[in-house]
Amino acid sequence: MFDIGFWELVVIFVVGLVVLGPERLPQAIRSVSKFISTAKSMANGVKEEISKELKVQELHENLRKAEKNGMEGLSSDLKSSVEELKEAARSVQRPYAKKTASQAKQEDKNTSSAPSESSDTPIDQHKAE
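For every chain, the first residue of its written sequence is number 1, and the numbers climb from 1 along that sequence. It should be noted that, the model being predicted, local features are given only for residues of pLDDT at least 70 and side-chain atom pairs only at 80 or more, the latter also being counted only at that level, while totals for whole chains, interfaces and linings use all residues. Water and hydrogen atoms play no part in the side-chain values, which are based on all heavy atoms of the structure.

Asker: Before we move on, could you go through the UniProt feature "transmembrane region" (unreviewed entry) in the protein and cite the residues and values that matter?
Answerer: UniProt positions are given in the numbering used here, feature names are shortened, and annotations may be inferred rather than shown by experiment. Under the UniProt annotation, the feature "transmembrane region" (unreviewed entry) is placed at residues 6-25. Working definition: helices are DSSP H or I runs of at least four residues, strands are E runs of at least two. Numbering for both runs from the N terminus. For residues 6-25, the end-to-end C-alpha separation is 19 Å, with 100% helix and 0% strand making up the annotated structure.

Asker: Requested: an account of the environment of F13, with residues and values cited.
Answerer: Checked against the element boundaries, F13 lands in helix α1 (residues 6-68). Only protein chains enter the accessibility calculation, which uses a 1.4 Å probe; a residue whose area is less than 20% of its type maximum is buried, one above 50% is exposed, and one in between is partly exposed. Accessibility expressed as a relative area gives 44% for F13, which makes it partly exposed. Taking the C-alpha atoms as reference points, F13 and I29, separated by 16 residues in sequence, lie 9.6 Å from one another.

Asker: Give me the lowdown on the packing of aromatic side chains, citing residues and values where you can.
Answerer: Pairing of aromatic rings covers Phe, Tyr and the six-membered ring of Trp, with a centre-to-centre limit of 6.5 Å; geometry is then stacked below 30 degrees between planes, edge-to-face above 60, and tilted otherwise. Evaluated as defined, the whole model comprises 1 aromatic pair. Measuring from ring centre to ring centre gives 5.2 Å for F6 and W7, while their planes differ by 75°; the resulting arrangement is edge-to-face. The pair formed by F6 and W7 is uniform in burial state, with each residue classed as exposed.

Asker: Could you give an account of the pattern of salt bridges, with specific residues and numbers?
Answerer: Salt bridges are defined as contacts in which a side-chain nitrogen from Lys or Arg sits within 4 Å of a carboxyl oxygen from Asp or Glu. Per the stated rule, a full pass over the model turns up 1 salt bridge. Here K55 and E84 are joined by a salt bridge, their closest N and O atoms 4.0 Å apart. With K55 in helix α1 and E84 in helix α2 (residues 76-113), this residue pair connects regions lying 29 residues apart in the sequence.

Asker: Tell me about α1, and please be specific about residues and values.
Answerer: By this rule the span expected of a helix is its residue count minus one, scaled by 1.5 Å. The terminal C-alpha atoms of α1, which comprises 63 residues, lie only 59 Å apart, well short of the 93 Å expected from a rise of 1.5 Å per residue. The bend at a residue is defined as the angle formed between two axes, one fitted to the seven residues ending at that residue and one fitted to the seven starting there. The sharpest bend along α1 comes to roughly 115°, located at G21, with the proline P22 sitting one to four residues further on. For α1, the full list of buried residues reads G16, G21, L25, L59, N62 and A66.

Structure representation (C-alpha cells):
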C-alpha cells in the first residue's frame, strides 16, 4: 500500500514522540492501528461483495447463453453454471414453501377459532350515542 522504509518509520516515531509526548504516544499508536485494521476489514468486505456479484453476473450470462443455445450441446462450465442456478433457486424456494404452508395452517386455525364480530362494536355504539 505505502512504500515506507525503516528510516521513514523512525522519523515518524520521533516526530510523534516530540509532538504527543511519551504519555499519549502509545494511545495514539493504538488508535491509528485500530483505524487501519477497521479500514482493511471494510475493504476486504467490499472485495468479497464485489466478487460475489461478479460471480452472479457470470452465472446470469452463462444462463443467457444456455437459453440461446436451447440447453443442448452446452459446454461443461455452462452446464455447471446452470446446475448451480437451479440449486440456488431450489434452496430459495424451499424455505418459502415451508413457511407459506405453515402460515396457511395457522391462518386456518385463527379463522376457525376467532369469535364472530358483531356489527355493533363498542366504538360503533359510542358513535351512535
